Amino acid sequence: MKLIDRTRISAGTLALVTLTAISTGFLEATPALAKAPQQKPVLTASAVAVADRYAADAAEQIFREGGNAVDAAVAIAFTLAVTYPEAGNIGGGGFMTLYVDGKPYFLDFRERAPLAATRTMYLDEQGNVIKGKSLYGGYAVGVPGTVDGMWEAQRRFGKLKWKQVLAPAIHYARDGFEVDEQLVKRRDDASKQFDGKTNFDQYFGGMKQGETFRQPELAAVLTRIANDGAKDFYNGRTADLIAASMKGNGLITKRDLQDYKAVWRQPVEAKWNGYDVITAPPPSSGGVGLVQLLKMKADLAPQFKDVPLNSPQYIHLTAEIEKRVFADRAQYLGDPDFYKVPVAQLTDDAYLAKRAAEVDPDKPSDTKSVQPGLGTSMPEKAETTHFSVVDRWGNAVSSTYTINGYFGSGVVVPGAGIVLNDEMDDFASKPGVPNMFGVVGSDANAIAPRKRPLSSMTPTILTKDGKVALVIGTPGGSRIFTSIFQVVNNLYDFDMPLKDAVGAMRFHHQLLPPNTIFWEPYQPIDGPLAKQVEAKGYVLKGQDFNGDIQAIRIDGDTPEAAADPRGRGVTRIVQ
């Protein structure tokens, strides 16, 4: 049987097919609304900022059928699992921050370590990390959480029937989508990394730019999920296929899948600059890190006064703040179900004022002197994806989910077409030892059965006077919350238009390597600026990934959306 099904068609023909699907619905008939009708609209339109045009089309379809932000978000998530296979997923997990009917919520559908996982599973007999074992193949896979997360969110807050929100994804898996140049490049890069270690090329090796790529096995999975809900994925035919793919090549069993549950948690909330910040709690480090950055910068307002954006002094002061955040991240952040995370202390105003007072305004602090403040971390890979959604009724969803590296572990479930994550690499394989990024993790993020690995994903919503003001998030590994911090400051401290704030230069520092500023290829730190930053005592280093911010800002009753120019994301305003 051929695992790749593709047909060459013109871009014009595909566009016509897509438009027809939008106008007529992705299924033969559109069911009636499953739940109570919405309240009176408070905004002029609904809006999305998403990773690709197919997800935007799916969201528009859902809004036109009467769905709300949660319905649209779930449809986006399943669609990206088909059309953005390098990072969109049902074989991974993530987080969702919600603001529904004026109340904040947070849903943790992060992957978990299998029951057979052990603290030393990636170490050899000498106690050294086995290169690649946590990155490629079945032993890198954590128990996926996306399907249960989407099921929980839509069941609790959605307005449409479950089958309606699955319909766009089924359409794209069954009938195909046109392959983008960026997707092909990422496929090629991933194939080199997997180097024949997995069955990745059997499924994606035949994908060609400009051609239609169909995934009939994945369409069958999505159809079962549409009919049977999350139970198919965790205790049905799909669960059997996943467990079978792991036999002799991984740890996940059907019991692991049966035991998985997404968790509703209390979001991290903070007052800042007249706004209420609603963001991700542990096992994400991102929400705590974002609040720490925002508050410490506010504490250092005299030092930042009249300092131009992205000038050498601005870069220096920001790096000094980030240095302290990453010291705390490494020591204190982990899965709250296994480790008491001191969130209140880490975000306390007095504590952060004390930390900010340690900043040397003239030169970089000695890295060895910057210790965790209450007495750095294993970051996930950058290849995640994010989507932001606002509906006409003032509800909002900010969701970041991931399979970790592009195309995850490289394992595709035979008979199901599901790309499985390599999320086990987000644990500290050997606590205290720097990883390939030069950052370290502690016992708080050591491997344990059922444990969720530490993350930097930071889906965030800002409200003012009880109304949504900003919905924002990005992929980017350990750079996620530093990227969001910079865009938020571009918006509110420098009064930049949303599009300019998202497109502006970004940089990153994470304690280790010492006094190193990472710059992005989209807007590199070079020329005179580079010389001035180096003169302050920093080392400049390029990075491959620049983030992919998806943001929606609401001015009065009108939403405005911006997709990062660094990616292939799009925005859509639906009247």
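All values derive from a computational prediction rather than experimental measurement.

(A) Summary view of the overall build of the protein chain. On a plain count of helices and strands, the protein chain comes out with 19 helices and 19 strands. Counting across all 575 residues of the protein chain, residues that qualify as buried make up 65%. For the protein chain, the accessible surface area stands at approximately 20500 Å², while carbon and sulfur atoms represent 51% of it.

(B) Spatial organisation of the UniProt feature "active site" (unreviewed entry) in the protein chain. Per the UniProt record, "active site" (unreviewed entry) is annotated on Thr384. Within the local environment of threonine 384, its side chain forms a polar contact with the side chain of threonine 402, the two groups lying 3.0 Å apart.

(C) Summary view of the nonpolar core. Counting 90 residues, the largest nonpolar core has Phe78, Ile90, Leu222, Val389 and Ile418 as its most contacted members. In terms of residue count, helix α3 (residues 69-83) provides more of this core than any other element does, 12 residues in total. With residues near it in sequence (within four places) discarded, phenylalanine 78 still touches Ile90, Val147, Met150, Trp162, Leu166, Ala169, Leu222 and Ile225. Residues Val277, Phe485, Ile525 and Ile549 belong to the second largest nonpolar core, which totals 66 residues.

(D) Quick peek at the UniProt feature "binding site: L-glutamate" (unreviewed entry) in the protein chain. Those places that UniProt annotates as "binding site: L-glutamate" (unreviewed entry) correspond, in this numbering, to Arg110, Thr402, Ile403, Asn404, Asp426, Ser455, Ser456 and Gly477. Here threonine 402 lies in strand β11 (residues 396-402). Along the polypeptide, serine 455 turns up in the loop between β11 and β12 (460-464).

(E) Quick peek at the sheet that holds strand β15 (residues 516-519). Pairing within the open sheet is mixed, and its three strands lie in the order β14-β15-β16. With one partner strand each, in any of the chains shown, β14 (507-508) and β16 (539-542) form the two edges of the open sheet.

(F) Representation of the side chain of serine 478 in the model. Positionally, serine 478 belongs in the loop between β13 (467-473) and α17 (480-492). Serine 478 gets classed as buried once you look at its relative accessible area, which sits at 2%. Within the structure, the side chain of serine 478 is placed 3.5 Å from the side chain of arginine 479, a separation counted as a polar contact. At 3.0 Å, the side chain of serine 478 and the side chain of glutamine 510 are in polar contact.

(G) Quick look at the sheet that holds strand β18 (residues 558-563). In space, the six strands of this open sheet follow the order β8-β9-β12-β13-β17-β18, with antiparallel pairing throughout. Strand pairing shows two members of the sheet lacking a second neighbour, β8 (268-272) and β18, which therefore form its edges. Neighbour to neighbour, the strand axes of the sheet diverge by 20° on average, direction disregarded. With six bridges connecting them, strand β17 (residues 550-555) and β18 associate as antiparallel partners. By the bridge assignment for β18, isoleucine 552 is matched with alanine 561.

(H) Spotlight on the pattern of salt bridges. Evaluation of the coordinates by the stated rule reveals 33 salt bridges. Notably, a salt bridge pairs arginine 568 with glutamate 86, separated by 2.8 Å at the nearest N-O pair. Of the two residues, arginine 568 and glutamate 86, both sit in the buried class. Glutamate 423 is the salt-bridge partner of arginine 110, the closest N and O atoms lying 3.0 Å from each other. For the residue pair arginine 110 and glutamate 423, the accessibility class agrees, reading buried in each case. Several salt bridges converge on common partners, so that one network encompasses Glu320, Lys323, Arg324, Asp328, Arg355 and Glu358.

(I) Structural view of the confidence of the model for the protein chain. Averaged over every residue, the pLDDT of the protein chain is 91; residues scoring 70 or more account for 90%. A low-confidence stretch, residues 434-439 stays under pLDDT 50, and its non-local contacts, those more than four residues away or across chains, total 16 contacts.

(J) Molecular detail of the packing of α3 against helix α4 (residues 146-157). Put simply, α3 and α4 touch, their axes get as near as 9 Å, and they point 160° apart. With respect to α4, the axis of α3 lies roughly antiparallel. Our pair here, α3 against α4, has a crossing hand that is left-handed. Here α3 contributes Val70, Asp71, Val74, Ala77 and Phe78 to the contact with α4, which in turn contributes Val147, Met150, Ala153, Gln154 and Phe157. Looking at the contact of α3 with α4 residue by residue, the class counts come to eight nonpolar, one polar and one charged.

Calculation notes
Residues numbered from 1 in each chain as written. Predicted model: local features only at pLDDT ≥ 70, side-chain atom pairs only at ≥ 80, totals over all residues. Heavy atoms only, no water. Helix = DSSP H or I, 4+ residues; strand = E, 2+ residues; numbered from the N terminus. Buried < 20%, exposed > 50% of the residue type's maximum accessible area, 1.4 Å probe, protein only. Areas by Shrake-Rupley, 256 points an atom, 1.4 Å probe, with all protein chains shown as cover. UniProt positions renumbered as here; feature names shortened; annotations may be inferred. Polar contact = N/O pair within 3.5 Å; in protein donor to acceptor, adjacent residues only side chain to side chain. Core = buried A, V, L, I, M, F, W, Y, C linked by side-chain atoms within 4.5 Å. Contact = heavy atoms within 4.5 Å. Pairing = 2+ DSSP bridges. Axes fitted to C-alpha atoms, helices over the stretch in contact; angles between N-to-C directions. Salt bridge = Lys/Arg side-chain N within 4 Å of Asp/Glu carboxyl O. pLDDT = per-residue confidence, 0-100. Parallel < 35°, antiparallel > 145°, perpendicular 65-115°, else oblique. Left-handed = near helix turned anticlockwise from the far one by under 90°. Nonpolar A, V, L, I, M, F, W, Y, C, P; charged D, E, K, R; others polar.

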